[in-house]
Amino acid sequence: MRAARFALVAVALLGTFLTGSASALESSAPAAPKGLRGFELRPNELVEHTFSRTPAFAWSPVRGASCYEFELATSRTFDGSSVFWSNVSYGAASGRFCRPVSFTAPAASSKAGEEPASVRTVIAPIKIPATSVNLVLPWFTGKPYALYAHVRAITTRGATPWSKPFGFNMRWEETPVPLTAKPGLVRWGAVEGATAYDVWYPDIRKVVRTHTNVADQREFYSFHLEDSWWELVRWRVRPVRQVVGALPNGLPAVSYGPWSPTYTATNPGWSAGKLQLRAAVSDEVSTESRAAPHQLMPAFTFTGDTGSDGREYRLFRAYAFTDRDCVNVVFRGSVVGGPAFAPRISGPLKLPTNQEELDLALAGVLPSDKTENAKTFMVDGSPLTANESSSDGTSVRVDLPDVDRESTRYFWTVVPVGIYVNEGGTFEYFDVESPQDACESGRVGGFAKESRPAITTAGSPYVSGLSPKGRLLAQAGRQPVVYSTPLVAWKPVVAATAYEIQWSRTKYPWRARGSSLTYSTASVLKLGAGLWYYRVRGLNAAQVGTPAMTWSSPVAVRVVRPTFQIAGG
């Protein structure tokens, strides 16, 4: 009998190419990976070296690779002190095995003067020639580059040399551009990659920080009676990028874009008369006749100074509710002295608590603080804490979750605030009216809050994966087919600080089979063979209650495992 001859043919084995004889494979050492580059949506984009948000990375597959090791550093030498992300195994496993790696780094949010807390991240093996990095990288530029990446393959004969470093910078794409605003307010267009904004009022030497794209001018109005304080307000704005995730010491936890040119806001004289609501303003403008859906938490604008009791006031507080009767409060504004309130994350004004502090406020500008400093109460005597306050050092919640724009909305009102001097001579601040009574009298406005879903497709989904020949490609068609692990990407969502990805075997009904959290706009999905659907939504850490934003539409992707054919002769 003639001896049977068998040939094993593998179709698409994670970039492993079975070409030539076994002896040839054993004798030739694999070369370093080539073509390393960063990208935002598809690996076939034109090669760029500047990104406004954390990129994903891709490279050409290496023959015989079982997995890949990847590093990011602040130096092209990749010495130990410069590496800030790595999945390299050390010790006995170094360069030999593909296994999860624990990477520990100081937390970026560690407080000054305290021992930095450590964040431990477990990084799964990289099985395809692409990866995403679960970090918000700071804006950081160098000459020519500030950040570097390199990659090597792990094969049955050990690790290949490291690839040529890929250098890149993190940089804002644009400076904020002013938009039309209302009296007592400044407004600008959102900047991609920004997690907050600093607003600088140079004439009073003060900088405030906001999560949204509007800022009020409370410092110019509060405890001032002359129009000259607020007639002309000069201002500048810059985007802020807060690092989220674990970064070692040396990379800034906060980075900034440049200050805009100096702009000037012109305000009318003080508006006396009945207190009336005007508009809710952020990326959209909502009025009594048009409750537009806002992506960002709006500012509230109003005119007049006379309460329902017929008296004139110069301090006010805004509220937001889930019902038109203004009973269920979801947002409590801070005391302001002007015709607008916009939520801040840098804290409320530090209110005067005695006559001496009041005299200083009348002649100067109030500082900001973690709380309003003075005791504040609703009209019924209930203690009141504004959403801008953060006495325990935790993050403030100054945004609201999404609601259905067609059937649901938020309602808001403004009430006057009076000063009560107690027996000890200390100032206390009381709402003069109940928000419920203010709304019942007709002083109530509405607005919708609805984030945009993450954009996951453009003609075809932003899905990358291996082709049958082992090449990493941006997959075409409405239902991509990939061999092994897909990398999915999406465009950033306004106000999102992180993203959740879910996957399901069925489009409807949706039954989540798994989920993951990332701070970047790309993720590698660990999926088994077969048809899958995935969806993405932003997470807004500043929202009250839940950070969840709107889900994207489900995207289909089919994962095909390597197939083998036995041929005999």
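Being a predicted model, the structure only gives us computed values, none of them experimental. Position labels on residues start from 1 in each chain and follow its written sequence. Per-residue local features are limited, in this predicted model, to residues with pLDDT of at least 70; the limit for side-chain atom pairs, both in listing and counting, is 80 or more; totals at the level of whole chains, interfaces and linings are taken over all residues. Hydrogens are left out, water is left out, and the side-chain values use all remaining heavy atoms of the structure.

Some remarks on the overall build of the protein
- Helix and strand assignments come from DSSP, with helices taken as H or I runs of at least 4 residues and strands as E runs of at least 2, each series counted from the N terminus. Helix and strand counts for the protein come out as four helices and 42 strands.
- Burial here depends on accessible area, computed with a 1.4 Å probe over protein chains only, as a share of the maximum for the residue type. Under 20% is buried, over 50% is exposed, and the range in between is partly exposed. In the protein, which comprises 569 residues, the proportion classed as buried is 51%.
- In the protein, once contacts between residues fewer than 6 apart in sequence are set aside, the share between residues at least 24 apart is 66%.
- Counting every atom, the protein has about 25,300 Å² of accessible surface; 51% of that belongs to carbon and sulfur. Contacts: residue pairs with any heavy atoms within 4.5 Å of one another. Shrake-Rupley sampling with a 1.4 Å probe provides the accessible areas, and residues are treated as covered by the protein chains on show and by no other component.

Digging into the pattern of salt bridges
- For this document, the term salt bridge refers to a Lys or Arg side-chain nitrogen within 4 Å of an Asp or Glu carboxyl oxygen. Across all of its chains, the model carries 19 salt bridges by this definition.
- The salt bridge involving Lys 449 is made with Asp 402; its shortest N-O contact spans 4.0 Å. Taken as a pair, Lys 449 in strand E30 (residues 445-449) and Asp 402 in the loop between strand E27 (375-377) and strand E28 (410-421) lie far apart in primary sequence, 47 residues in all.
- Taking the relative accessible area as the measure of exposure, Asp 402 reaches 21% and is therefore partly exposed.
- Beyond isolated ion pairs, a larger network of salt bridges with shared partners links Lys 206, Asp 216, Arg 218, Glu 219, Arg 344 and Glu 388.

A look at the sheet that holds strand E23 (residues 299-303)
- Pairing is antiparallel in the open sheet, where four strands are placed in the order E21-E20-E23-E26. Either end of the sheet is taken by a strand with one partner, and the two such strands are strand E21 (285-286) and strand E26 (340-341). Paired strands, as defined in this entry, are two strands with at least two bridges between them according to DSSP.

Section: the packing of aromatic side chains
- Classification of ring pairs rests on two measures: the distance between centres of Phe, Tyr or Trp rings, Trp counted by its six-membered ring, which must be within 6.5 Å, and the angle between planes, read as stacked under 30 degrees, edge-to-face over 60 and tilted in between. With the rule as written, the count across this model stands at 27 aromatic pairs.
- Between the aromatic rings of Tyr 221 and Trp 230, the centroid separation amounts to 4.5 Å while the plane-to-plane angle is 15 degrees, which identifies the pairing as stacked.
- When the ring of Trp 270 is compared with that of Phe 316, the centres are 6.5 Å apart and the planes differ by 25 degrees; the resulting orientation is stacked. Taken together, the residues Trp 270 in the loop between strand E19 (263-266) and strand E20 (276-281) and Phe 316 in strand E24 (residues 316-321) connect sequence positions 46 residues apart.
- Its relative accessible area of 21% is what places Trp 270 among the partly exposed residues.
- Members of the aromatic cluster, connected to one another through ring pairs, are Phe 51, Phe 57, Trp 59, Tyr 68, Phe 70, Trp 85, Phe 166 and Phe 168.
- Lying across the ring of Tyr 256, Arg 238 places its NZ or CZ 3.9 Å from the centre. For a lysine, the NZ atom is tested; for an arginine, the CZ atom; a charge sits over a ring if that atom is within 6 Å of the ring centre and within 35 degrees of the ring normal.

Quick notes on the nonpolar core
- The nonpolar core is taken to be a set of buried Ala, Val, Leu, Ile, Met, Phe, Trp, Tyr and Cys residues, with the residues joined through side-chain atoms within 4.5 Å. Grouped together as the largest cluster of nonpolar side chains are 26 residues, with contacts concentrated most on Phe 57, Phe 70, Leu 72 and Phe 168.
- Listing elements by their share of this core, those giving two or more residues are strand E5 (65-73), strand E6 (83-86), strand E10 (147-155) and strand E12 (166-170).
- Those residues in contact with Phe 70, other than ones at most four positions away along the chain, are Leu 36, Phe 57, Trp 59, Trp 85, Ser 86, Asn 87, Ile 126, Thr 131, Val 133, Ala 149, His 150 and Val 151.

Quick look at the pairing of E28
- With respect to burial, E28 is a largely interior element, nine of its 12 residues being buried.
- Judged from the five bridges that link them, E28 and strand E29 (residues 427-431) form a sheet pairing that is antiparallel. What sits directly across from Ile 419, in E29, is Tyr 429.

Some points on the environment of Val 191
- On the secondary structure map, Val 191 appears in the loop between strand E13 (185-187) and strand E14 (196-201).
- Classification of Val 191 by relative accessible area gives buried; the value is 5%.
- Separated by 14 residues in the primary sequence, Val 191 and Val 177 have C-alpha atoms spaced 9.0 Å apart.
- Filtering out sequence-adjacent residues up to four positions away, Val 191 remains in contact with Glu 174, Thr 175, Pro 176, Tyr 197 and Pro 239.

Concerning the sheet that holds strand E4 (residues 56-58)
- Spatially, the three strands line up as an open sheet ordered E2-E4-E9, and their pairing is antiparallel. Every other strand in the sheet has two partners, leaving strand E2 (37-39) and strand E9 (130-131) as the edge strands with one partner each.

Re unusual backbone geometry
- Note that the residue after Lys 143, namely Pro 144, is joined by a cis bond; omega there is 0 degrees.
- As for its placement among the helices and strands, Pro 144 is situated in the loop between E9 and E10.
- Note the cis peptide between Tyr 508 and Pro 509, where omega equals -5 degrees.
- Tracing the backbone shows Pro 509 in the loop between strand E36 (498-504) and strand E37 (512-518).
- Positioned with a positive phi, Phe 223 is a non-glycine residue whose angle comes to about 65 degrees.
- Along the polypeptide, Phe 223 turns up in the loop between helix H2 (218-221) and strand E17 (232-242).
- In this structure, Ser 484 takes a positive phi of about 75 degrees despite not being glycine.
- Overall, Ser 484 belongs to the buried group, its relative accessible area being 5%.

Digging into the pairing of E14
- In terms of burial, E14 is a largely internal element, five of the six residues being buried.
- Sheet topology note: the E14/E17 ladder contains five bridges and is antiparallel. Bridging across to E17, Tyr 197 finds its partner in Pro 239.
- Here five bridges tie E14 to strand E15 (residues 206-210), and the two strands are oriented antiparallel to one another. Opposite Tyr 201, over in E15, you have Lys 206 as the bridge partner.
- The antiparallel hairpin formed by E14 and E15 contains four residues in its connecting segment, where Arg 205 sits at a positive phi of about 55 degrees.

Section: the confidence of the model for the protein
- For every residue, the predictor assigns a confidence score, pLDDT, that lies between 0 and 100. For the protein, per-residue confidence averages 88 on the pLDDT scale, and residues scoring 70 or more make up 87% of the total.
- Note on residues 1-27: pLDDT under 50 across the span, and 51 contacts to partners over four residues away in sequence or across chains.

Details of the state of the cysteines
- Two cysteine sulfur atoms make up a disulfide if the distance between them is within 2.5 Å. In this structure the tally under the stated criterion is two disulfides.
- In this model Cys 67 forms its disulfide with Cys 98; the gap between the sulfur atoms is 2.0 Å. In this structure, the disulfide formed by Cys 67 and Cys 98 twists by about -90 degrees around the S-S bond and is classed as left-handed. Separated by 31 residues along the polypeptide, Cys 67 in strand E5 and Cys 98 in the loop between E6 and strand E7 (101-106) bring together distant segments of the chain.
- Take Cys 67: its relative accessible area is 3%, and that puts it in the buried class.
- Numbered by position along the chain, the disulfide-linked cysteines of the protein connect as 1-2, 3-4.

Some thoughts on the environment of Gly 425
- Tracing the sequence through the fold places Gly 425 in the loop between E28 and E29.
- Judged by its relative accessible area of 30%, Gly 425 is partly exposed.
- With 71 residues separating them in the primary sequence, Gly 425 and Asn 354 have C-alpha atoms 6.5 Å apart.
- In contact with Gly 425, other than residues within four places in its own chain, are Thr 353 and Asn 354.

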